[in-house]
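Spelled out from the first residue to the last, the chains are:
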Amino acid sequence: SKDSFGPLECRAGADVGRRCASIPLDKLLERVVQHAELIYRLSEESCALFEEMFIPLAVRTQHIRGGNTCTSPAFSVPGSKGEVQQISDKWLLHTVLILIQSWIEPLFTLQDTLDRYDNAPNVLLNKTKWVSSKLVSLEQGVTVLIRKMLDEGALTMESHQSWMIESSEPADMVESVTKDYAVLTCFKKDAHKVETFLKLLRCRQTQGLSCFPI
């Protein structure tokens with residue numbers, strides 16, 4: 001279920017460095033991976049719902065032909081086993097954390113925007129609200145992983161940045177819808193990277209450097 005990740009949300013008020021300290025590393029990593037899988041799946045469903053409701057087929061086709069309009073941090077999925085073997089666990093964990101942190105504020109902003117739509121279906125609003133709130137939980141889980149696996153504090157960005165869109169207000173509704181569509185599609189791409197990197201990290205705990213991204 002969507003609430004199966006709850007155990008990572010430890011007691012309110014507890015210091016983040018001590019949260020979930022009693023959970024074994026393998027189980028903690030498994031819960032983080034499961035949560036990342038759910039977030040990616042819900043991002044796919046949200047994007048599909050938004051397309052169905054607001055984006056004409058011609059616009060979708062044009063969007064695809066336009067290539068990658070996202071300006072997220074340039075973390076690409078490795079394309080060969082040699083590249084994978086050169087990547088450290090530290091790089092994987094810190095890259096995942098940076099990607100997660102870069103999306104927390106843009107998703108909250110997106111939620112506020114969607115709430116102002118006259119005809120946004122509740123199922124879309126509920127999915128995006130769940131993803132937005134659980135992304136914060138995933139950030140917490142990855143922070144705990146970094147402290148457990150690397151014995152160090154987590155990186156924290158000076159501010160959560162919107163990597164993929166300009167901060168200016170849309171001029172009209174069409175521009176607003178197009179902008180929100182870009183947010184959803186770009187987040188879906190980064191959510192898939194987060195899932196892929198965490199699965200690679202989980203695999204390494206048992207199979208070492210022989211693992212390869214799915």
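About the cut-offs
Residues numbered from 1 in each chain as written. Predicted model: local features only at pLDDT ≥ 70, side-chain atom pairs only at ≥ 80, totals over all residues. Heavy atoms only, no water. Core = buried A, V, L, I, M, F, W, Y, C linked by side-chain atoms within 4.5 Å. Buried < 20%, exposed > 50% of the residue type's maximum accessible area, 1.4 Å probe, protein only. Helix = DSSP H or I, 4+ residues; strand = E, 2+ residues; numbered from the N terminus. Contact = heavy atoms within 4.5 Å. Phe/Tyr/Trp six-rings, centres within 6.5 Å; stacked < 30°, edge-to-face > 60°.

Q: Outline the nonpolar core, listing residues and values.
A: With 54 residues, the main nonpolar core has Phe 50, Phe 54, Leu 135, Leu 138, Val 142, Phe 187 and Val 194 as its most contacted residues. Looking at this core, the elements that each hand over two or more residues are α1 (25–54), α4 (89–115), α5 (122–150) and α6 (173–207). Broken down by element, this core gets its largest block of residues, 13 residues, from α1. If we ignore the near neighbours within four places in the chain, the residues touching Phe 50 are Ile 55, Leu 114, Tyr 117, Leu 124, Val 177, Asp 180, Tyr 181 and Leu 184.

Q: Break down the packing of aromatic side chains for me, with residues and values.
A: Under the definition given, this model contains six aromatic pairs. Plain terms: the ring middles of Phe 50 and Tyr 117 are 6.2 Å apart, the flat faces sit at 55 degrees to each other, and that makes the pair tilted. With Phe 50 in helix α1 and Tyr 117 in the loop between α4 and α5, the pair connects residues that are 67 residues apart, well separated along the chain. Both residues of the pair, Phe 50 and Tyr 117, count as buried. Aromatic side chains Trp 103 and Phe 187 sit 5.3 Å apart centroid to centroid with 70 degrees between the ring planes, which places their arrangement in the edge-to-face category. Here Trp 103, found in helix α4, pairs with Phe 187, found in helix α6; they are 84 residues apart in sequence, far enough to count as distant.

Any link to function would need more than the numbers given here.
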